[in-house]
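Observations on chain architecture
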Amino acid sequence: MANKKTGEPKGRGAQHDPTTDAMILMEYARNPRPREIARQFGLKHHSYVTRLWEKLPEERKQEYLSQAQDIHEQVAERIS
């Protein structure tokens, strides 16, 4: 029986949308729980989230952490 192609890349080298990756990274900066983030974005395994974060240079990690903190502060101001 021949394998059917679905049009989506599978296995190693699967391409992901850069916008989705940015959202995943922001979620990780806000709350580093890769399993929950993977479920939220429909990923098969949480290791993608962890690897995505670990591959970032330290400067980019700090940018995401700073943005997440700014968002947290803005929400806290609006609530109070």
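Refer to the structure presented above.
Residues numbered from 1 in each chain as written. Predicted model: local features only at pLDDT ≥ 70, side-chain atom pairs only at ≥ 80, totals over all residues. Heavy atoms only, no water.

As a packed pair, helix α1 (residues 18–30) and helix α3 (residues 47–54) sit with axes 10 Å apart at the nearest point and diverge in direction by 85°. Classified by the interaxial angle, the pair formed by α1 and α3 is roughly perpendicular. Of α3, the residues touching α1 (which contributes D21, I24, L25, Y28 and A29) are Y48, V49, L52 and W53. Split into classes, the residues belonging to the contact of α1 with α3 amount to eight nonpolar, no polar and one charged. (Axes fitted to C-alpha atoms, helices over the stretch in contact; angles between N-to-C directions. Helix = DSSP H or I, 4+ residues; strand = E, 2+ residues; numbered from the N terminus. Parallel < 35°, antiparallel > 145°, perpendicular 65-115°, else oblique. Contact = heavy atoms within 4.5 Å. Nonpolar A, V, L, I, M, F, W, Y, C, P; charged D, E, K, R; others polar.)

The next subject is the nonpolar core. With 15 residues, the main nonpolar core has I24, L25, L43, V49, W53 and Y64 as its most contacted residues. Secondary-structure elements contributing two or more residues to this core are α1, α2 (34–40), α3 and α4 (58–79). Broken down by element, the residue count for this core peaks at five residues, all from α1. (Core = buried A, V, L, I, M, F, W, Y, C linked by side-chain atoms within 4.5 Å. Buried < 20%, exposed > 50% of the residue type's maximum accessible area, 1.4 Å probe, protein only.)

This structure, assessed with the given rule, holds four salt bridges. The residue R30 makes a salt bridge to E27 at a minimum N-O spacing of 2.9 Å. Of this pair, R30 and E27 both sit in helix α1, three residues apart, roughly one helical turn. (Salt bridge = Lys/Arg side-chain N within 4 Å of Asp/Glu carboxyl O.)

What follows covers the packing of α1 against α4. How two helices pack is summed up by the angle between their axes together with the distance between the axes. Closest axis-to-axis distance for the α1/α4 pair is 8 Å, and the angle between their directions is 70°. One element, α1, and the other, α4, form an angle in the roughly perpendicular class. Considering how the two elements wind past one another, α1 and α4 form a crossing that is right-handed. Here A22, L25, M26, A29 and R30 of α1 lie close against α4, whose contacting residues are Y64, L65, Q67, A68 and I71. Partitioning the contact of α1 with α4 into residue classes produces eight nonpolar, one polar and one charged. (Left-handed = near helix turned anticlockwise from the far one by under 90°.)

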